Every structure is written in structure tokens, then in C-alpha cells.
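Results of the structural survey
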Amino acid sequence: MPPLFCYNEVVMDKTARILDSGEQLRFIGLARELLDKKIKEIGRQLTFHVTTFGCQMNARDSEKLIGILKDVGYVWEESEDADLVIYNTCTVRDNANQKVYGKLGYLHGFKKKNPLMKIGMCGCMMQEPSVVEKIQKSYPFVDMIFGTHNIYQLGELIYLMLGGEDEGHGVTVTKRGQVISVWDEASGIMEDLPTERKYPFKSGVNIMYGCDNFCSYCIVPYVRGRERSRDPKEIIREIERLCADGVSEIMLLGQNVNSYGHGADFDMSFPELLREVCRVEGIERVRFMTSHPKDLSDELISVMADEPKVCRHLHLPLQSGSSRLLAEMNRHYDKDKYLDLVDRIKDAIPDIALTTDIIVGYPTETEEDFLETMDVVSKVRYSAAFTFIYSQRTGTPAAKLPMVPEAVVHDRFDRLLKLVQDIGAEENGKLVGSKQVVLVEQLNEKEPGLVTGRLSNNLTVHLPGDASMIGQYVPVTITESGGFYLKGE
Ligand code: SAH
Ligand code: SF4
Ligand code: F3S
């Protein structure tokens, strides 16, 4: 399927669109020189903030943005009252978009008080031409707009935003001085640019980009481009470097990790990669997100079963329990196939925690369809589930179908949420009294004297402790369940 969106004003000739890491490092250097000049002129540091919306992919992209911005010479500022603020946006559901528009007005307030302030917008929303047009028209105070394929170009964009000369890399600088670069497809996978890490002891690692599944309701394939797998040698090299730097938990990231390696010019499947990652010195835990049920192989189940470093957690998006709707959604599995897969996983890995994503109110969903979803939830007994109200996304096939009345959807949503919460609490309550190992991640945000961490099965545990425990694996006895979190000692 060809990409649906093409932002013609910005897309230049293809040869101008190749991103080369050597070239981008040169632009980071040029941007640094301009920023240095500015800092000397005003006699103080220039600060930045990046706000992330959406999924793990965006979180990892933000770490790349932060790495580049620090390299250019900006200094991190906790609040959005900074000299440069970048919003890394999500467009998977309409409420994600509305949140961003709502917050832009608030940012404008800071800009009115700080004439040096610059505002940048990037991420999935920017891949939609209508969004870029709206920002140009209604939010002219935004200085920089770039797409999901242009993250690596940030050094160049900052250089142009600070007044550098355009050297013709497919970037538009408008009459108003807005710097725009949104490509409709990726120009390859870039390695070796600076990246920052939020936590010293754990990190996400991209193993693939994009998605080719075109689930009928989903905008991700249009805003993230075609599926591309990263070379396993580069992945292992990055993980070795991270582990040498103190990281012990890795989350392998992709929209559908189970199709890793499809169509690539190397020969490695996801289960093979997972085994290799477990061999890296210093690794204690390996997680991955997300697994499409249609591609989950027996080989993956057996690697999970016999590699103790692979976490006892699997996120297995269901979307709907109705076989009719699953076919409409282009998911390539039905209710029986999904339940059979879950049985095989539970047989092989009895202590696994399953989580899922469910959409309520997909066009034409009947009460019968919905009850099939409730039935799967009752049978699988997820430890947690993300439930979403269907949101119409322009350009997706489902957007042409009739919507289910809002009141009906809300009623179903509430019933599903109650079931999910009750079952999650029951499942997680079974851990009370057991001995587990928790990786302590941070001080507890609400209660002094407590720290918060995660079990291998991804459940959050609060336990007594102090800052010296952060990043440590601590044995814990679970004493209490609060539903979606546990308490321990
Ligand atoms: N690649 C992942 C999902 C990424 S999007 C996967 O396939 O598992 C995360 C979740 O958002 C999806 O699993 C789906 O449940 C939900 N979602 C996607 N598009 C949606 C839409 N139009 N309306 C409501 N929820 C949606
Ligand atoms: Fe969207 Fe489906 Fe791709 Fe997941 S697999 S990102 S739901 S199209
Ligand atoms: Fe949102 Fe983009 Fe992720 S649309 S869910 S941030 S891939």
C-alpha cells in the first residue's frame, strides 16, 4: 500500500532527502557554534524541555532529541518555561491531538514573556498534512515542525532555526521563518547520533521501525512508514554499550516485534535475536513491545520459557473478542486462534502475566460482538488491560464505516473496565505472600520512605527503602495488593 499522506510543499527531490549521520553530526557542530554565540551575547545558558505524548516509540525518540539538544549545548529545564520547548506528539486517537492543541495556548503564554523562546512540534501528528496546515494557520508562533522520519535531522533544523544558511537538505524555511521538514517516508536507519537515557539502569532499544499491518482503524502505518528492521549487529552493539554503561534491563521496541527480520537482507528472526540479547554481558532482564498475535511463533514461546532473563510478561493486544470484527479489523486471527495461543503460552510459561489492548465501539460493533470481548477477558484473565474507545482516524479504512452511538459505547466501556479491573485485582492478589525480585526504579512519588519498582512480570511494587536502592534488584515479599500495584517488604 502506498503512503497515504504526502506533504508536497515540504518534500523536495529524493536525493536531497538522504540523512547521513556524518553530515548530521556536522550540523550539530554548526548549530553549537550559533548557540554559543547567542549564549555569549545574552550572558546566560539557554534551556530546553521536551514533552512526550504517546507510546514507547515516542519516548525513545524523545531520548534521541534530548541527546542531540544537549550536544548542541542546550541545558535541560524541568518546566515548559524554557528557551526551547519541543512537543513530541501522538495521533493514535483524537483525544491525543486535542491535548496537544490545548497545551499549545499555554506554551504561547510563556513565549509572550520570553522573546528568546522557540517552540518545536514533532512526532506522529506532524505526518498529517492537515495538522501541519492547521499549525501554520492557527499557531503561527510555532517555530519548527518536523516529522517522525526527521528526528535525526534535529541538529540541522536547529541550525536553520538559529539563522544558519540553508544548504538544501529538503527543509522549508517559510517567509515567517518557520522551519519545516516532514518526509512521507524514511531514508534509512541512522546509527551513531547522540542519545540520552531517562534511567541509568534501563533503556529501550529500537529493533524495528514502522508498521505494515494496516489494521483498519489504525493510523500508525501512515505516520510511521513501512516496516524496517535494524541490523542485529547494530542492536547488539548498542546493547553492549548500554550494559557497559550500567544498564541491566532492556526493552526491545517495535510496533510488531514478531515480524522482525521479514524482508531484511540479514537472516535473523525475533526469537533468535532475543536469545542473542540474553547473552550480552551485564543483562539481567529483557522485555519487548509489542507482539502481534498473528505472528507469535512457537519458537518465541520456547525462548521465553527457557531464558530466565526474558521477563514473565507478554503484551498481547486483543482489540476485540469478536471473530467477525477481528476480520473487519484486518487482524489475521480469530477468537479461537487467540485463545488457543494464550493456552499454549500459559502451558509453557505458567507464571506469565498477560496484558492487552482492547478497542470498544469499533464501527458496527453489536452487543453480541462486545460480549465476545468480555468472554475473552474472562477466559484469559489479564493482569492489566488498556481499554480504548474507538476513535475515527481520517484516511484509515474504518473511518468510512458508521459509528456506534456514543451512549452505547460508553456503557460498554464502563462494563469492560469494571471486568478488567476486577480480574486484574484478583490475578495480582494471588501474588500476596510470594517472594519476588523487584528492580527499584525511583523514590515513591507520594509516600516518603518508600521506593517503587517493577517485578519481572511488569507489576509495580512499593516497598520501604531509600535512594541507594535505585537500580538494584531487591528480594521482596509481597504483603498487599492494591489492584494494579502491590506492596512489599
Ligand atoms: N503496534 C501495536 C499498537 C500500537 S497503537 C499493536 O498492534 O499492538 C496502541 C493501541 O492503540 C492499539 O493496540 C489499539 O488498541 C489502540 N488504537 C489504535 N488505533 C486506535 C483507534 N483508532 N481508536 C482507538 N484505539 C486505537
Ligand atoms: Fe496499528 Fe495494527 Fe500496526 Fe499495531 S499492528 S501499529 S494496531 S496497524
Ligand atoms: Fe502515538 Fe505515534 Fe506511538 S501515533 S501510539 S506516538 S507510534
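What you see is a predicted model, and the numbers here were worked out from it, not measured in a lab.

Topic: a negative patch on the surface
Taken together, the side chains of D267, E272, E276 and E299 make up a negatively charged region of the molecular surface. Along the chain, E299 turns up in helix α9 (residues 298-306). E299 sits in the partly exposed class, given a relative accessible area of 37%.

Concerning the sheet that holds strand β15 (residues 384-389)
Spatial strand order, β13-β14-β15: three strands in an open sheet with parallel pairing. One side of each edge strand has no neighbouring strand; the edge strands of this open sheet are β13 (313-315) and β15. Adjacent strand axes in the sheet meet at a mean angle of 15°, parallel and antiparallel pairs treated alike. Pairing of strand β14 (residues 353-360) with β15, which is carried by six bridges, proceeds in the parallel orientation. The residue bridging I358 from the neighbouring strand is T387, located in β15.

What about the pairing of strand β11 (residues 249-253)?
Of all five residues that make up β11, five are buried, and the element is covered over most of its length. Judged by which residues are buried, β11 turns out to be covered on both faces: E249, M251 and L253 on one side and I250 and L252 on the other are all buried. Looking at chain direction, strand β8 (residues 202-206) and β11 are connected through five bridges and run parallel. When the sheet's bridge partners are listed, N206 is paired in β11 with L253. Pairing of β11 with strand β12 (residues 285-289) involves five bridges; the strand directions are parallel. Opposite M251, over in β12, you have R287 as the bridge partner. In this fold, β11 hands off to helix α8 (residues 270-279), which returns the chain to β12; that crossover is right-handed.

Things to note about helix α11 (residues 335-348)
Given a rise of 1.5 Å per residue, 14 residues ought to cover 20 Å, and the 20 Å separating the end C-alpha atoms of α11 matches this to within 8%. Of all the residues in α11, the buried ones are K335, Y338, L339, L341, V342 and I345. Buried residues of α11 fall within an arc of 155° about the axis and therefore sit on the same side. Turned more than 90 degrees away from the buried face of α11, the exposed residues are D336, K337 and D347. At its buried positions, α11 is contacted by α9, β13, α10 (323-328), β14 and α12 (367-380).

Describing the sheet that holds β12
Spatially, β8-β11-β12 is the arrangement adopted by the three strands of the open sheet, whose pairing is parallel. Taken across any chain shown, the strands that pair with only one partner, and hence form the sheet edges, are β8 and β12. Across this sheet, the average inter-strand angle for adjacent strands is 25°, counted without regard to direction. In the packing of α8 onto the sheet, the strands contacted are β11 and β12, and the crossing angle to β12 comes to about 150°.

Some details on helix α4 (residues 129-138)
Within the sequence span of α4, burial applies to P129, V131, V132, I135 and Q136. For α4, the buried positions fall inside an angular range of 165° around the axis, keeping them on one side. Where α4 is buried, its residues meet α3 (94-113), β4 (118-123), β5 (144-146) and β7 (179-181).

A word on the confidence of the model for the protein chain
Summing up the model confidence of the protein chain, the mean pLDDT is 93 and the portion of residues at 70 or higher is 96%. When the criterion is pLDDT under 50, residues 1-15 qualifies, and its contacts beyond four places in sequence or with other chains add up to 35 contacts.

Some thoughts on the nonpolar core
Among the nonpolar cores identified, the biggest contains 70 residues, and I239, L252, F270, F288 and I345 are the most heavily contacted of them. With six residues, the single largest contributor to this core is helix α13 (residues 406-429). When near neighbours in sequence (up to four residues on either side) are disregarded, I345 contacts L296, I301, L314, L316, I352 and L354. Membership of the second largest hydrophobic core comes to 33 residues, among which are L30, L46, L65 and L84.

With respect to unusual backbone geometry
For the bond running from M289 to T290, omega is -5°, close enough to zero to count as cis. In this model, N330 sits at a positive phi of 65°, which is unusual for a non-glycine residue. Looking at the secondary structure, you find N330 in the loop between α10 and α11. Even without glycine at this site, H332 takes up a positive phi of about 65°.

Digging into the packing of aromatic side chains
Applying the stated criterion to the full structure yields 14 aromatic pairs. Seen from their ring centres, Y101 and Y139 are 5.7 Å apart, and the 15° between their planes marks the pair as stacked. You can see Y101 sitting in helix α3 and its partner Y139 sitting in the loop between α4 and β5, a full 38 residues away along the chain. In terms of burial, Y101 and Y139 fall into one category: buried. Linked through ring pairs, F48, Y74 and W76 together constitute an aromatic cluster. The ring of Y101 has K134 sitting right over it, with the charged end atom 4.0 Å from the ring centre. A cation sits over an aromatic face here: K202 above Y199, 4.8 Å from the ring centre.

Rules used in this analysis
Residues numbered from 1 in each chain as written. Chains lettered and ligands numbered in written order. Predicted model: local features only at pLDDT ≥ 70, side-chain atom pairs only at ≥ 80, totals over all residues. Heavy atoms only, no water. Patch = residues over 30% accessible without salt bridge, like charges linked within 9 Å, V, L, I, M, F, W, Y side chains within 5 Å. Areas by Shrake-Rupley, 256 points an atom, 1.4 Å probe, with all protein chains shown as cover. Salt bridge = Lys/Arg side-chain N within 4 Å of Asp/Glu carboxyl O. Lys, Arg positive; Asp, Glu negative; His and termini not counted. Charge placed at Lys NZ, Arg CZ, Asp CG, Glu CD. Helix = DSSP H or I, 4+ residues; strand = E, 2+ residues; numbered from the N terminus. Buried < 20%, exposed > 50% of the residue type's maximum accessible area, 1.4 Å probe, protein only. Pairing = 2+ DSSP bridges. Axes fitted to C-alpha atoms, helices over the stretch in contact; angles between N-to-C directions. Right-handed = clockwise from strand over helix to strand, strands pointing away. Expected span 1.5 Å × (residues − 1). Arc of directions from axis to C-beta. Contact = heavy atoms within 4.5 Å. pLDDT = per-residue confidence, 0-100. Core = buried A, V, L, I, M, F, W, Y, C linked by side-chain atoms within 4.5 Å. Phe/Tyr/Trp six-rings, centres within 6.5 Å; stacked < 30°, edge-to-face > 60°. Lys NZ or Arg CZ within 6 Å of the ring centre and 35° of its normal.

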